[in-house]
Every structure is written in C-alpha cells, then in structure tokens.
Amino acid sequence: MLRKQFPNSNRTKRLGGMLMEAQGQMRPAMACYDEVLAAEPANLHAVKRQVALCRSRGRNAEAAKKLTVHLDTFCGDTEAWLLLCEIYISQQLYRRAQFCMEELLLLNPMSYLYHLRYAELLYTVASSDRGSHEQFLTARKYFAHALELKPGCARALYGLMLCCSVLTAAKAKICSPSATQDLLELVERQLLEAYAADPQSRGMLKLVNGMLKKARSS
C-alpha cells in the first residue's frame, strides 16, 4: 500500500529493505539500500542499515569500510564513530579504535566515558609486546581525567590502580615514584569508602584489599 501511494519514496524503499531483513532476504535488502543510496547518497538511515546488515552476516571489514566512507562526509556522527570503534575492538585493531576515540574526544572533550574508553585502549596497547611505559603513563593521565570529570568512578579508579601497579613494578623513570604512591593512596581510600558504604558490596572488601596490597608491593 505504501509503495502504491509513494512509489518514489526512499523512506518506503528503506522500509521494504527492513522487511526483507526480517524475512531473512539479506541480498535483496542490501540491493534495496544500494538503490536508496544511489538516489540519495547522504541517506544516513540506509547507510546504518547496511552496516547493521554487514555485521549480522559477520562481514565486519565491509561494515568498517562503509562507516569510514560515511564518516568522511559526516565526521560529526558520534554514533558512527562509536560503532566503528566497537568493530575495530572486535577485530583487535586497537590502534584504529584509538583513532576513533580521539575523534570522539575532539567532538566532546567533557565526556568522562570517552576519556575512560580511550585510557582503556591505551592500557591495552601498552600491555602488548610493542607497548611502552610511556603509554601506561598516558593511560594513567586519561584515567585520572575521567575520574576528575566523574568523581568516584570505580572503572577509572581500577584503571589508575592497574597503571600505577605496572609503573611501580617496572620502576619506570618517566614518572615520579611519590606521585604514583599518592595516586595509589587516593585509589585505595576511594575504593574502600565506596565498597564500605554499600552493604551489598562489603563482601568484596577482602578482594579489593588484596588487589590494593598487590599494587602497592609491585
């Protein structure tokens, strides 16, 4: 009925493509979205449906390629950057995922979550065979900034603890031992306060204390 009423509508065509997806007709659905994009290259919904379709078929490389083409034109699309970052992480392409997070930080430098995710990527890269102490130090800075933007963030506190533990164990000369010790004391105080304040989490205190003790003695 919609096709009869709106024969040239790209929205109707896209809806037809979604119906084909639901019926398991993946190739005709992709062809339908290609038709929409041929008539309207800037149709964001068609691009995102194609990306979702590629991912559902296990074609992550193809999905990433479509997203990069899309982002060349719409570089302010935060959802697309996040999705591309997720695809790269699933393929263990962490340096490419870092680039995505850097773009997101430029778009929204006050988002604690972007700083946190970027720090986690830096920590992951630093932990690889080609990693360096400088990367651990940079990760620590981003964890600290995430904590500054969202005080009490447990994820940032654990990230700080891990970075400080590695730098202490390596006796890295690129950072001050006293500054690392101060950060560990801050992490210890805030984590213990957070778990002690929540009756349901008090059972975790022993485990947290053990982790903190290991970090201090590294």
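Check the entry above for the structure.
Residues numbered from 1 in each chain as written. Predicted model: local features only at pLDDT ≥ 70, side-chain atom pairs only at ≥ 80, totals over all residues. Heavy atoms only, no water.

Engineer: I keep staring at the environment of serine 90 and nothing clicks. Help me out?
Structural biologist: Tracing the backbone shows serine 90 in helix α6 (residues 78-90). As a C-alpha pair, serine 90 and cysteine 54 span 36 residues in sequence and 14 Å in three-dimensional space. There is a polar contact of 2.5 Å between the side chain of serine 90 and the backbone oxygen of isoleucine 87. (Helix = DSSP H or I, 4+ residues; strand = E, 2+ residues; numbered from the N terminus. Polar contact = N/O pair within 3.5 Å; in protein donor to acceptor, adjacent residues only side chain to side chain.)

Engineer: Please clarify how a nonpolar patch on the surface should be interpreted in this entry.
Structural biologist: Together, Leu2, Phe6, Leu15 and Met18 give the surface a local cluster of nonpolar side chains, amounting to about 360 Å² of exposed area. The topology assignment puts leucine 2 in helix α1 (residues 2-5). (Patch = residues over 30% accessible without salt bridge, like charges linked within 9 Å, V, L, I, M, F, W, Y side chains within 5 Å. Areas by Shrake-Rupley, 256 points an atom, 1.4 Å probe, with all protein chains shown as cover. Salt bridge = Lys/Arg side-chain N within 4 Å of Asp/Glu carboxyl O.)

Engineer: Is there a simple way to think about the pattern of salt bridges in this case?
Structural biologist: Two side chains that carry opposite charge are able to pair once their charged atoms sit near each other. Under the defined criterion, the tally for this structure stands at 6 salt bridges. The partner of arginine 59 in a salt bridge is glutamate 62, and the shortest N-O contact between them spans 3.7 Å. A residue is classified by how much of its surface remains accessible, and arginine 59, at 38% relative accessible area, is partly exposed. Exposure remark for glutamate 62: the relative accessible area of 31% places this residue in the partly exposed category. Notably, a salt bridge pairs arginine 155 with glutamate 120, separated by 2.7 Å at the nearest N-O pair. (Buried < 20%, exposed > 50% of the residue type's maximum accessible area, 1.4 Å probe, protein only.)

Engineer: Got a minute to help me understand the packing of aromatic side chains in this structure?
Structural biologist: For any pair of aromatic rings, the description rests on two quantities: the centre-to-centre distance and the angle between the ring planes. According to the stated counting rule, one finds 3 aromatic pairs in the structure shown. Ring centres of tryptophan 81 and phenylalanine 99 lie 6.0 Å apart, and the angle between their planes is 65°; this geometry places the pair in the edge-to-face category. A residue pair is termed long-range when its members are at least 10 positions apart, and tryptophan 81 in helix α6 and phenylalanine 99 in helix α7 (residues 94-107) qualify at 18 residues. Using a relative accessible area of 7% as the deciding quantity, one classes tryptophan 81 as buried. (Phe/Tyr/Trp six-rings, centres within 6.5 Å; stacked < 30°, edge-to-face > 60°.)

Engineer: I keep staring at the nonpolar core and nothing clicks. Help me out?
Structural biologist: One recurring pattern in soluble globular proteins is that nonpolar side chains are buried together. In this structure, Leu84, Met101, Phe143, Val187 and Leu191 are the most contacted members of the largest nonpolar core, which totals 51 residues. Beyond its immediate sequence surroundings of up to four residues, leucine 191 is in contact with Leu157, Tyr158, Val208 and Leu212. Formed by 5 residues, the second largest nonpolar core is a distinct cluster that contains Ala126, Phe136, Leu137 and Leu167. (Core = buried A, V, L, I, M, F, W, Y, C linked by side-chain atoms within 4.5 Å. Contact = heavy atoms within 4.5 Å.)

Engineer: For this particular structure, what's the right way to read unusual backbone geometry?
Structural biologist: Negative phi is the rule for most residues except glycine; trans is the rule for most peptide bonds. Phi is positive for glutamine 92, which is not a glycine, with a value near 60°. Here glutamine 92 lies in the loop between α6 and α7. Judged by relative accessible area, which is 59%, glutamine 92 ranks as exposed.

Engineer: In this structure, what is going on with the side chain of aspartate 77? I would like to understand it.
Structural biologist: By the secondary structure assignment, aspartate 77 is in the loop between α5 (60-73) and α6. Its relative accessible area of 12% is what places aspartate 77 among the buried residues. Here the side chain of aspartate 77 touches alanine 80 through a polar contact of 3.2 Å, landing on its backbone nitrogen. Other than its neighbours up to four places away in sequence, aspartate 77 contacts Lys48, His70 and Leu71.

Engineer: I'm lost on the packing of helix α8 (residues 112-126) against helix α9 (residues 133-149) in this one. Help?
Structural biologist: Any two packed helices are characterised by the angle at which their axes cross and by the distance between the axes. α9 packs onto α8 with a crossing angle of 160° between their chain directions and a minimal axis gap of 8 Å. Relative to α9, the element α8 lies roughly antiparallel. Along this stretch, α8 crosses α9, giving a crossing that reads as left-handed. Each of Tyr112, His115, Leu116, Tyr118, Ala119, Glu120, Leu122, Tyr123, Val125 and Ala126 in α8 lies in contact with α9, whose residues at this interface are Gln135, Phe136, Thr138, Ala139, Tyr142, Phe143, His145, Ala146 and Leu149. Residues that form the contact of α8 with α9 fall into these classes: 14 nonpolar, 4 polar and 1 charged. (Axes fitted to C-alpha atoms, helices over the stretch in contact; angles between N-to-C directions. Parallel < 35°, antiparallel > 145°, perpendicular 65-115°, else oblique. Left-handed = near helix turned anticlockwise from the far one by under 90°. Nonpolar A, V, L, I, M, F, W, Y, C, P; charged D, E, K, R; others polar.)

Engineer: What am I meant to see in the environment of valine 187 here?
Structural biologist: Mapped onto the secondary structure, valine 187 falls in helix α11 (residues 177-197). Placed 25 residues apart in sequence, valine 187 and leucine 212 show a C-alpha to C-alpha distance of 8.6 Å. Ignoring sequence-local partners within four residues, the contact set of valine 187 consists of Leu157, Leu160, Met161 and Leu212.

Engineer: Would you explain the packing of helix α10 (residues 154-170) against α11 in this entry?
Structural biologist: Packing of α10 against α11 brings their axes to within 9 Å, and their N-to-C directions diverge by 145°. Crossing of α10 against α11: the hand is left-handed. Between α10 and α11, the contacting residues are Leu157, Tyr158, Leu160, Met161, Cys164 and Thr168 on the first element and Thr180, Leu183, Leu184, Val187, Gln190, Leu191 and Tyr195 on the second. Taken together, the residues of the contact of α10 with α11 break down into 10 nonpolar, 3 polar and no charged.

Read these as spatial facts, not as claims about activity.
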